[in-house]
Amino acid sequence: MSMELLYIWIGENETGFIKNQGFNFSPKYRFEMRFLENEDVYELDCTYNEDYPNVWCRENLIGLTAIVGENGTGKSSLMR
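Bear in mind that the values here come from a model prediction, so they are computed numbers and not experimental data.

What counts, and where the lines are drawn
Residues numbered from 1 in each chain as written. Predicted model: local features only at pLDDT ≥ 70, side-chain atom pairs only at ≥ 80, totals over all residues. Heavy atoms only, no water. Pairing = 2+ DSSP bridges. Helix = DSSP H or I, 4+ residues; strand = E, 2+ residues; numbered from the N terminus. 1 Å grid on protein atoms, 1.4 Å probe; cavity = no way out; pocket = protein on both sides within 12 Å on 5 of 7 lines; lining within 4 Å. Points joined across faces, edges and corners; volume = space filled by probe spheres on them. Nonpolar A, V, L, I, M, F, W, Y, C, P; charged D, E, K, R; others polar. Phe/Tyr/Trp six-rings, centres within 6.5 Å; stacked < 30°, edge-to-face > 60°. Buried < 20%, exposed > 50% of the residue type's maximum accessible area, 1.4 Å probe, protein only.

Caption draft 1: Local environment of the pairing of strand 3 (residues 29-36). Here 8 bridges tie strand 3 to strand 4 (residues 41-48), and the two strands are oriented antiparallel to one another. Along strand 4, the bridge assignment pairs Glu-32 with Asp-45. Hairpin connection, strand 3 to strand 4: the antiparallel pair is bridged by 4 residues, and Asp-40 has positive phi, about 55°.

Caption draft 2: Structural detail: the layout of surface pockets. Reported here for the largest pocket is a volume of approximately 600 Å³. Looking at the largest pocket, it is lined by 19 residues, and the ones nearest its centre are Ile-8, Ile-10, Ile-18, Val-68 and Thr-73. For the lining of the largest pocket, the secondary structure elements donating two or more residues are strand 1 (7-10) and helix 1 (75-79). If one sorts the elements of the lining of the largest pocket by residue count, strand 1 sits on top with 3 residues. The class makeup of the residues in the lining of the largest pocket is 12 nonpolar, 5 polar and 2 charged.

Caption draft 3: Broad picture of the packing of aromatic side chains. Within this structure, the stated rule accounts for 5 aromatic pairs. Considering the side-chain rings of Phe-35 and Tyr-42, the 4.9 Å spacing of their centres and the 55° angle between planes classify their relative orientation as tilted. Using a relative accessible area of 39% as the deciding quantity, one classes Phe-35 as partly exposed. Through pairs of rings, three or more aromatic residues link up here, namely Tyr-7, Tyr-29, Phe-31 and Tyr-48.

Next up, the structure:
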């Protein structure tokens, strides 16, 4: 079994460096987070990209994701 990180949304954090920002990690899918003010909720839209490029030119390798950061920044928590 494998796991792939496709999208992450960062609402708020201690530093405030990144706030209310989403990051796409897959060329296969496009995610968009929208805040619906009148309902006070977030809505996540996902669309499939049928023409995604496989830059690796191999069928068994379609993407590469790495998570880096200093100790204590939450990398292990993210994976859980």
